[in-house]
Amino acid sequence: MLQYIVKRLLGLIPTLILVGALAFLFVHLLPGDPARLAAGPDATPETVALVRQDLGLDEPLPQQFLRFASGIVHGDFGRSLRTKRPVSVEIGERFMPTFWLTVAAMSWSVILGMAIGIVSAVWRNRWPDRLGMALAVSGISFPAFALGMVLMQVFAVQLNWLPTVGADSWRHYILPSLTLGAAVAAIMARFTRSSFVDILHEDYVRTARAKGLTEATVVVKHGLRNALIPVVTMMGLQFGFLLGGSIVVEVVFNWPGMGRLLVDAVDMRDYPVIQAEILLFSLEFILINLVVDVLYAVINPAIRYR
Amino acid sequence: MKSLPRLLAAVVLAFAALAAGPSTASKDVVFAVASTFTTTDPYDANDTLSQAMAKSFYEGLYGFDKDMKMIPVLAESHTVSKDGLVYTLKLRKGVKFHDGTDFKADAVKANFDRVTNPDNKLKRYGLYSNIAKTEVVDDYTARITLKTAFSAFINNLAHPSGVMISPTALAKYGKDIASNPVGTGPFKFVEWNRTDYLKVAKFDGYWRKGYPKVDTITWKPVIDSNSRAAVMQTGEAQFTFPVPYELDAVLRSKPQLELVAAPSIVIRYLSMNTQQKPFDNAKVRQAIAYAINKAALAKVAFNGYAAPAEGVVPEGVEYSVKLGPWPYDLRKAKSLMAEAGYPKGFETELWSAYNHTIAQKVTQFLQQQLAQIGIKVKITLLEAGQRVEKVESWPDPATAPVRLYYVGWSASTGEADWALRPLLGSESWPPRLFNTAYYKSDRVDKDIHSALATSDKTKKAAFYEDAQQTIWKDAPWAPLVTEKLLSAHNKKLTGVYVMPDASFNFTEINLKP
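Report follows, based on the coordinates. Here the residue numbering is sequential within each chain, running from 1 through the sequence in written order. Key to labels: chains lettered from A, ligands numbered from 1, both in the order written. Since the coordinates come from a predicted model, pLDDT governs what is reported: local features require at least 70, and pairs of side-chain atoms require 80 or more to be given and counted, while whole-chain, interface and lining totals use all residues. Only hydrogens and water are set aside; all other atoms, that is, all heavy atoms of the structure, feed into the side-chain values.

1. A look at the overall build of chain A
Every helix listed is a DSSP run of H or I at least four residues long, and every strand listed is a run of E at least two residues long, numbered separately from the N terminus. Across its full length, chain A holds 13 helices and 0 strands. Along its sequence from the N terminus, chain A presents helices and strands in the succession α-α-α-α-α-α-α-α-α-α-α-α-α. Its C-alpha atoms give chain A principal-axis dimensions of roughly 85 × 55 × 30 Å. Relative accessibility thresholds used throughout: buried, under 20% of the residue-type maximum; exposed, over 50%; partly exposed, between the two (1.4 Å probe, protein chains only). Looking at chain A as a whole, 50% of its 306 residues qualify as buried. The contact criterion used throughout is that any non-hydrogen atoms of two residues lie within 4.5 Å. In chain A, the share of contacts with a sequence separation of at least 24, taken over all contacts with a separation of at least 6, comes to 73%. Surface accessibility of chain A: about 14500 Å² in total, with carbon and sulfur atoms responsible for 70%. Computed over 25 positive and 22 negative side-chain charges, the separation of the two mean positions in chain A equals 13 Å. Per-residue and other accessible areas were derived by the Shrake-Rupley procedure at a 1.4 Å probe size, with only the shown protein chains allowed to occlude residues. A residue counts as positive if it is Lys or Arg and as negative if it is Asp or Glu; His and the chain ends are not included. Where a charge lies is defined by one atom per residue type: Lys uses NZ, Arg uses CZ, Asp uses CG and Glu uses CD.

2. Overview of the interface of chain B and chain A
If you look at the interface, chain B gives 48 residues, while chain A gives 49 residues. Here the quantity called buried area is the total loss of accessible area, with a 1.4 Å probe, experienced by two parts when brought into contact, counted for both. For the chain B and chain A pair, buried surface summed over both sides reaches about 4300 Å², with 57% attributable to carbon and sulfur atoms. Salt-bridge detection follows one rule: a side-chain nitrogen of Lys or Arg within 4 Å of a carboxyl oxygen of Asp or Glu. There are 0 salt bridges connecting chain B and chain A. Contributions of two or more residues to the side of chain B that touches chain A are made by helix 1 (3-18), helix 4 (125-128), strand 10 (216-221), helix 7 (225-234) and helix 13 (384-392) of chain B. Looking at the side of chain B that touches chain A element by element, the count peaks at 7 residues for helix 13 of chain B. Of the residues in the side of chain B that touches chain A, the class split is 20 nonpolar, 13 polar and 15 charged. In this classification, Asp, Glu, Lys and Arg are treated as charged, Ala, Val, Leu, Ile, Met, Phe, Trp, Tyr, Cys and Pro as nonpolar, and every other residue, Gly included, as polar.

3. Focus: the nonpolar core
One recurring pattern in soluble globular proteins is that nonpolar side chains are buried together. To form a nonpolar core, buried Ala, Val, Leu, Ile, Met, Phe, Trp, Tyr and Cys residues must be joined to one another through side-chain atoms within 4.5 Å. In this structure, F31, L61, F112, W219 and I288 of chain B are the most contacted members of the largest nonpolar core, which totals 198 residues. Every residue in contact with L61 of chain B, bar those within four places of it in the chain, is listed here: P72, V73, L74, A75, L89, L91, F103, V108, F112, L157, G162 and M164 of chain B. Judged by nonpolar contacts, the second largest core, of 21 residues, contains A35, A43, V51 and A265 of chain A.

4. Brief notes about the packing of helix 5 (residues 87-122) of chain A against helix 13 (residues 271-299) of chain A
Residues and elements named next belong to chain A. The convention used is that axes are lines fitted to C-alpha atoms, helices contributing only their stretch in contact, and that angles between N-to-C directions extend from 0 to 180 degrees. Across the interface, helix 5 lies against helix 13 with an axial gap of 10 Å and an inter-helix angle of 50°. Looking at the two axes, helix 5 sits oblique to helix 13. Note that helix 5 runs across helix 13; the crossing there is right-handed. Counting all contacts with helix 5, which are made through V87, I91 and F95, the residues of helix 13 involved are P272, V273, A276, E277, L280 and E284. Its residues placed into classes, the contact of helix 5 with helix 13 shows 7 nonpolar, no polar and 2 charged. Here the word oblique covers every angle except those under 35 degrees (roughly parallel), over 145 (roughly antiparallel) and from 65 to 115 (roughly perpendicular). The handedness criterion is simple: a crossing whose near helix is rotated anticlockwise from the far helix by less than a right angle is left-handed, and one whose near helix is rotated clockwise is right-handed.

5. Let's talk about helix 11 (residues 330-339) of chain B
Residues and elements named next belong to chain B. Those residues of helix 11 not exposed but buried are A333, L336 and M337. Angularly, the buried residues of helix 11 cover 100° about the axis, an arc narrow enough to put them on a single face. Of the exposed residues in helix 11, the ones pointing more than 90 degrees away from its buried face are R331 and E339. In this structure, the buried side of helix 11 is in contact with helix 9 (282-291). The backbone nitrogen of R331 lies 3.3 Å from a side-chain oxygen of the residue at the head of helix 11, namely D329. In this description, the arc belongs to the directions extending from the helix axis to the C-beta atoms. Throughout this description, a polar contact denotes any pair of N or O atoms lying within 3.5 Å of each other; where both atoms belong to protein, one of them has to be capable of donating a hydrogen while the other can accept it, and for residues adjacent in sequence the pair is counted only when both atoms sit in side chains.

6. Describing the sheet that holds strand 5 (residues 86-91) of chain B
Residues and elements named next belong to chain B. Ordered in space as 4-5-7-6, the 4 strands form an open sheet in which the pairing is antiparallel. Of all the strands in the sheet, the pair left with one neighbour each is strand 4 (75-80) and strand 6 (131-138). Recorded for the sheet is a direction-independent mean angle of 20° between the axes of neighbouring strands. DSSP bridges decide pairing: two strands pair if at least two such bridges lie between them. Here strand 4 runs beside strand 5; their pairing, made up of 5 bridges, is antiparallel. Along strand 5, the bridge assignment pairs A75 with L91. Strand contacts of helix 3 (residues 105-116): strand 5, strand 6 and strand 7 (141-146), with the helix running at about 165° to strand 6, the strand carrying the most contacts.

7. Some words on the packing of aromatic side chains
Residues and elements named next belong to chain B. The rule is short: rings of Phe, Tyr and Trp, with Trp giving its six-membered ring, pair when the centres are within 6.5 Å, and they are stacked under 30 degrees, edge-to-face over 60, tilted in between. Applying the stated criterion across every chain yields a total of 35 aromatic pairs over all chains. For the pair F57 and F189, a centre-to-centre distance of 6.1 Å together with 90° between the ring planes defines the contact as edge-to-face. A residue pair is termed long-range when its members are at least 10 positions apart, and F57 in the loop between helix 2 (48-54) and strand 2 (62-64) and F189 in strand 8 (residues 187-193) qualify at 132 residues. Here Y290 and W326 contribute two aromatic rings whose centre-to-centre distance is 5.4 Å and whose plane-to-plane angle is 70°, an arrangement assigned as edge-to-face.

8. Some remarks on the environment of G311 of chain B
All names here are of chain B. With respect to the helices and strands, the residue G311 is situated in the loop between strand 13 (306-308) and helix 11. Spatially, the C-alpha atom of G311 lies 19 Å from that of K299, the residues being 12 residues apart in sequence. The residues touching G311, leaving out its near neighbours within four places in the chain, are I267, V321, L323, W472 and P479.

9. So, helix 12 (residues 357-371) of chain B
Since the α-helix packs 3.6 residues into each turn, any two residues three or four apart lie on the same face. Residues and elements named next belong to chain B. The span expected for a helix works out to 1.5 Å for each residue beyond the first. Its 15 residues give helix 12 an end-to-end C-alpha distance of 21 Å, which sits within 8% of 21 Å, the value for a rise of 1.5 Å per residue. Those residues of helix 12 that sit buried are A359, V362, T363, F365, L366, Q369 and L370. Along the axis of helix 12, the buried positions cluster into a sector of 160°, meaning they face one direction only.

10. So, a nonpolar patch on the surface
Residue and element names in this part refer to chain A. Patches here: salt-bridge-free residues with over 30% relative accessible area, like charges joined within 9 Å, nonpolar side chains (Val, Leu, Ile, Met, Phe, Trp, Tyr) joined within 5 Å. A contiguous nonpolar surface patch, about 530 Å² in accessible area, is contributed by L2, V6, L10, I13 and I17. If you trace the backbone, L2 turns up in helix 1 (residues 2-29). For L2, a relative accessible area of 68% corresponds to the exposed category.

11. Observations regarding the side chain of D264 of chain A
Residue placement: D264 of chain A occurs in helix 12 (residues 258-267). Filtering out sequence-adjacent residues up to four positions away, D264 of chain A remains in contact with R82 of chain A together with T36 of chain B.

12. A few points about the packing of helix 7 (residues 144-158) of chain A against helix 7 of chain B
Look at helix 7 of chain A against helix 7 of chain B: their axes get within 10 Å of each other, and the N-to-C directions meet at 5°. Looking at the two axes, helix 7 of chain A sits roughly parallel to helix 7 of chain B. Contacts from M149, M152, Q153, A156 and V157 of chain A of helix 7 of chain A reach helix 7 of chain B at N226, S227, A230, Q233 and T234 of chain B. A per-class count over the contact of helix 7 of chain A with helix 7 of chain B returns 5 nonpolar, 5 polar and no charged.

Purely geometric numbers; function is a separate question.
So this is what it looks like as structure tokens:
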């Protein structure tokens, strides 16, 4: 197992190099001159030239790439073109708020989603199923920005129970995590349900029931464990997406996170920040996939890695 | 299911327990603004908001009051030499920087030496590059010599970027001055949490006795406009700008809030590429100007928070002349099109410099209006990067792809030169500046330069009037509207104004308990 993890971690390196090169090319292909954008529409060409020099954009592209690549090797991601601060600081400040928001949203939505899914599967085509799936479909279809605004209007503006924007205390987490988690809970519910429905038709479930086990033991012990594999895969994917920072939720709740940073960076063609964010997102996904693979083996000891 | 009501009650109680008690501190003001600050150094900022925020801790030699009238601030008076090259400034006495340094002529020299040195690569270099040298005559007299006569120079000093930074702090922090702003302003810098807010607190040694009247200001960027409206309603913020037009009804209905629509010098226009067919024909351009119902446009796209443009340079900018509004006259438009040889119209492109909802409404309205005289337009809303690539930095004027272009301008120096030269001077074709009409008129060029060379106000006014009339007749633009600036504030807050250039004036800020 350990050997497998080490092998996977080593496999990271070529992937990241590839992603890094693609990210560099991709952002430099975007239309628009960052020096001109930074200098503003009423700047003279002399000023634009000064800004270009200041941002290090006057060098030829291959040279810029070399500087970018050698910087990364030394752990230096360059400086933001917009704020002139090191990219690592910019991202560092915003990573934790997004991370904690993701954790908050994932923890309630996974538990609730799985519960709804199991209930729906067990009472399939009866009213708990109908209710659960109606909730899930609404969760998927209701756009996050609308949900966010409604929650804010009701709980912050009308009732004045919760703060509106910002990320200063745990109370600030309630509304954004509800908004962010709604869709995840819905997806988890549907996934758990379909996976469970399949499992409940398997021979070993019938055997378990024939053995005279209670329905609860059948569902929790024999069903859940086997139904979890696709659910965990989905959970990993969702976690990865949320970690990238939900642009919509972060804008509505003014969350100081990764999503807003990315929007600002793309707007101003802030190359170093965009590149570093893309690299970070790829790294996150690769690591999450690794964790998911390891979880498979934990859930089902029949799965072995070498 | 008997426990469901009880569960609900428990949840409600839990939420109620979280309810925020209102803060009791009396004189802390929060401004909710629309975007994050790029820097605190006005010499290195190109956005109005960062410069407006920097007024908390910085002041210039000159400044603008809330109506955009120029007033002396750290300077008391100035004299200009006959040739218009040498400006001698008398400075205010008894002014201290936040770090205790006395404000003297050496501060003036330090600041202008810094911005005029290209090695410092400051974004406002262009505004001050005309300065040849700055000298200290005595402690309270500074002398600035220009490279070429430029009669709007004092307006450049009043521009929000031309502030006095403590020379001691400049020497101490160097490039890090943006993280440690030290000025003479009413508030001193406390903290800048880049992701969240910037806080300033009352400076006890401020030279204007009795000011400021509040203890702290927290500048809080809240990007989403609905969320900005929400924090105003909850009382988490006392002032916000801009308020999107569609939210005016919601905020107006709240008894604790007041909505203000202030006049602006933001003019919106449709520029036409005069170097390209069919827009090289003045009749086509005039026809387009006649074909647009500006009053309806102001209603449809701006919810009435705009007025038809009354000239090339909007009212409120010095030396502006009222020439319009350009009448809406379809018959005249059609006959001009026929005279120009396009009785059936033609097809062309309409680009917008912005991709927000209002621009969407404006361009759709223009599309429908121009269809009345047979002009079929294809609309593209340009995103910032595309705009820069396809318009602002297009290298060769002869091949410039821009045709009809919806855009706007606000002359931040409050003077006609910056409202005309960058937009309509033939020296300002992209990529140099912002003459997106590629307009060239020898008469206008001459007027602009003669006006800059003279410091006689009546002569200047005459040159600028001639320029504006020539432009109005030539119609390189279809002038559309001047916007109103919609802000909201809590009724307890007084003395905060949105200025015509969308900057803020908060000298008189006060908060009633």
